[in-house]
Amino acid sequence: MRPIQMVDLRQQYAQIKDEIDRSIMEVLETAQFIGGPVVNGFSQSLAKYLGVRHVIPCANGTDALQISMMALGLQPGDEVITPSFTYIATTEVIALLGLKPVFVEVDPDTFCLEPEAVAKAITPKTRAIVPVHLYGQSSKMEEILLLASEHNLFVIEDNAQAIGSDYRFRNGQVRKTGTMGTMGCTSFFPSKNLGCYGDGGAICTDDDELAEKLRMIANHGQTSRYSHEVVGCNSRLDALQAAVLQVKLPRLDGYIENRRKAADYYDQAFAGHPNIVTPVRSDYSRHVFHQYTLKIDHTNNPAEVRAGLLAHLAEHKVPAMLYYPVPAHRQKMFAGLGGKEFHLETTDWLTDRVFSLPMHTELDESQLDFITSRVLEYFNKM
Ligand SMILES: *Cc1c(COP(=O)(O)O)cnc(C)c1O
C-alpha cells in the first residue's frame, strides 16, 4: 500500500506529468511570464466551464475576496454577514478593509450558512453576505439571494472549496457555485479541487462593469499605463500557474468523480455507526468533497473521543485533520472587533465534533479499507 496522505499531489502529478511538463516548457520558451495568452486562455476556459461572462484571475483566493469587496465601494463600519465556521481568509479580509464581520450560524448538517440566521442578522448597516460553500457543496443560494434582493445586499460567494459544484433552484435551473452571487471567488491553492503548483485565485462575475473594475483594482487601479483611477493592489495569476491549470481544468470533473467515489466508500463503511455521522449530501447541490468531514456524536466527551481517535490514527500513519479547530469568532484577531459578542452555539458544537479524513483524487481501495478499518477499530475498543 502507498503511504496515505491527506492530499496526494505527487501521485496526481505522475498521471499527467508529460502534459504538465510540456505546458510549463512552452511558457519557459516564450518567456511570457506575466499575463499573455496562457493566462487569458485559461481564464476563458474557466469562464466557459463555469458558464459565466467574466473570470478575473488573481494571485490567490484571499486576494479574490479582498478585491471583490474593494470593488463594491463599501464604507468603514459597513457590516458583512459571514459564517464563523470557515477558513480564516473569508473573515479576515472583511476586517482588513475596515468593515465589520457579522458572524452567523451554519446548518449543523451541511456546515453552510443558515439563511434564517442571516435574516436575523441584517441591520440597516448590512451591505453584503458572504456564503462559504464549505467542504464542497453549495450554500442555500435561493434563500440567500432572495434575502439579498429584498435588502439590496451584495453577495460574494466564497467558492474556494467547491469549484465544480452546483446548485439547483426550485424551478429546476442549475448553476455552478461561484456564479450566482454578485461575484464568486475561488482559490487554486495546490490542495484545492482545482489546484496549481503555487498560489492562484480568480473572481467570476456576469456584470461587465464590475468585471472591468475588478481587473482595474487587481492591477494597481490602472486604466491605461501609469494612469491610476482608484487605489488598487497588485494581484496576478502568473503564466506558469495558468499553464498547470489549463492542463488540469479538463480533468476537474473526473477528479471530482474520484473524490465522490472515495466519499461513497467512506459513507458505506461508517453507515449506521452510533458515534460517527457521515457528511450529509444535500438534494440541491452536487457535493464535490473538497473535504470529507465527519462528526463525532452520542458521547458526553466528543472532543476527548476525537483526540483519542486522532492519536490512534496517527499511530497507524493515517493522517486526519480538524477543519477548523478554532472558529473565527473565537480568534484573538477579532477580539477587538467585538468577537466576544457572538454566541454561536452550533458553530461551537461543530467545532468540538468535526474531523476530516484523507480526501484526494488518488485514494485507492486498499488505502480506504485501511483508513476505515483503523477508525472503526478505535470505536470498537472504546
Ligand atoms: C483556501 C480558502 C481561501 C483562501 O484561498 P488562498 O488561495 O489560500 O488565499 C478562502 N476561503 C476558503 C473557504 C478557503 O478554503
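This is a predicted model, so every value here is computed, not measured.

### Points about unusual backbone geometry
Then, in step 1: Going from Tyr323 to Tyr324, the amide bond is cis rather than trans, its omega being 5 degrees.
Then, in step 2: You can see Tyr324 is positioned in the loop between helix 10 (302-315) and helix 11 (345-353).
Then, in step 3: In this structure, Asn152 is a non-glycine residue whose phi angle is positive, near 60 degrees.
Then, in step 4: Among the structural elements, Asn152 can be located in the loop between helix 6 (141-151) and strand 5 (154-158).
Then, in step 5: Phi at Lys317 takes a positive value of approximately 60 degrees, unusual for a residue other than glycine.
Then, in step 6: Note on placement: Lys317 falls in the loop between helix 10 and helix 11.
Then, in step 7: Owing to a relative accessible area of 69%, Lys317 belongs among the exposed residues under this scheme.

### Observations regarding helix 9 (residues 252-270)
Then, in step 1: Spanning 19 residues, helix 9 covers 27 Å between terminal C-alpha atoms, matching the ideal 27 Å at 1.5 Å per step.
Then, in step 2: Every buried residue belonging to helix 9 is among Leu252, Tyr255, Ile256, Arg259, Arg260, Ala262, Ala263, Tyr266, Asp267 and Phe270, and all of these are buried. In an axial view of helix 9, the angular spread of the buried residues amounts to 160 degrees, which keeps them on one side of the axis. Turned more than 90 degrees away from the buried face of helix 9, the exposed residues are Lys261 and Gln268.

### Remarks on the site of the ligand
Then, in step 1: Among the 13 residues in the neighbourhood of the ligand, the closest are listed as Gly61, Thr62, Asp158, Ser187 and Lys192.
Then, in step 2: Here an oxygen atom of the ligand and a side-chain polar atom of Thr62 are 2.5 Å apart.
Then, in step 3: Take Ser187: an N or O atom from its side chain is 2.7 Å from an oxygen atom of the ligand.
Then, in step 4: Of all the secondary structure elements, the ones that give two or more residues to the shell around the ligand are helix 3 (61-70) and helix 4 (88-96).

### With respect to the nonpolar core
Then, in step 1: Counting residues in hydrophobic clusters, the biggest one holds 29 residues, and the most contacted among them are Phe42, Leu46, Phe188 and Leu194.
Then, in step 2: Counting only elements with at least two residues in this core, the list comes to helix 1 (9-30), helix 2 (37-50), strand 9 (201-205), helix 8 (239-248) and helix 9.
Then, in step 3: Taken together, domain 1 (9-250) and domain 2 (252-380) each give at least three residues to this core, which thus spans both.
Then, in step 4: Those residues within four positions of Phe188 in sequence are excluded, and the remaining contacts are Phe42, Leu46, Ile163, Leu194, Gly195, Cys196, Gly198, Gly200, Gly201, Ala202, Leu237 and Leu245.

### Some details on the domain arrangement of the protein chain
Then, in step 1: Under the domain assignment, the protein chain is made up of domain 1 (9-250) and domain 2 (252-380).
Then, in step 2: Computed from C-alpha coordinates alone, the two centres of domain 1 and domain 2 are separated by 24 Å.
Then, in step 3: Every contact between the two is made by 47 residues of domain 1 and, on the other side, 38 residues of domain 2.
Then, in step 4: Between domain 1 and domain 2, the buried area comes to about 3,800 Å², and carbon and sulfur atoms account for 59% of it.
Then, in step 5: Looking only at domain 1, the three residues that lose the most surface to domain 2 are Phe103, Tyr135 and Asn193, adding up to 19% of its buried area.
Then, in step 6: At the junction of domain 1 with domain 2, the criterion picks out 26 residue pairs in polar contact (both at pLDDT 80 or more).
Then, in step 7: Listing elements by their share of the side of domain 1 that touches domain 2, those giving two or more residues are helix 1, helix 4, strand 3 (100-104) and strand 6 (166-168).

Thresholds, definitions, all that
Residues numbered from 1 in each chain as written. Predicted model: local features only at pLDDT ≥ 70, side-chain atom pairs only at ≥ 80, totals over all residues. Heavy atoms only, no water. Helix = DSSP H or I, 4+ residues; strand = E, 2+ residues; numbered from the N terminus. Buried < 20%, exposed > 50% of the residue type's maximum accessible area, 1.4 Å probe, protein only. Expected span 1.5 Å × (residues − 1). Arc of directions from axis to C-beta. Near = heavy atom within 4 Å. Polar contact = N/O pair within 3.5 Å; in protein donor to acceptor, adjacent residues only side chain to side chain. Core = buried A, V, L, I, M, F, W, Y, C linked by side-chain atoms within 4.5 Å. Domains from an automatic or database assignment. Contact = heavy atoms within 4.5 Å. Buried area = accessible area lost by both parts, 1.4 Å probe.

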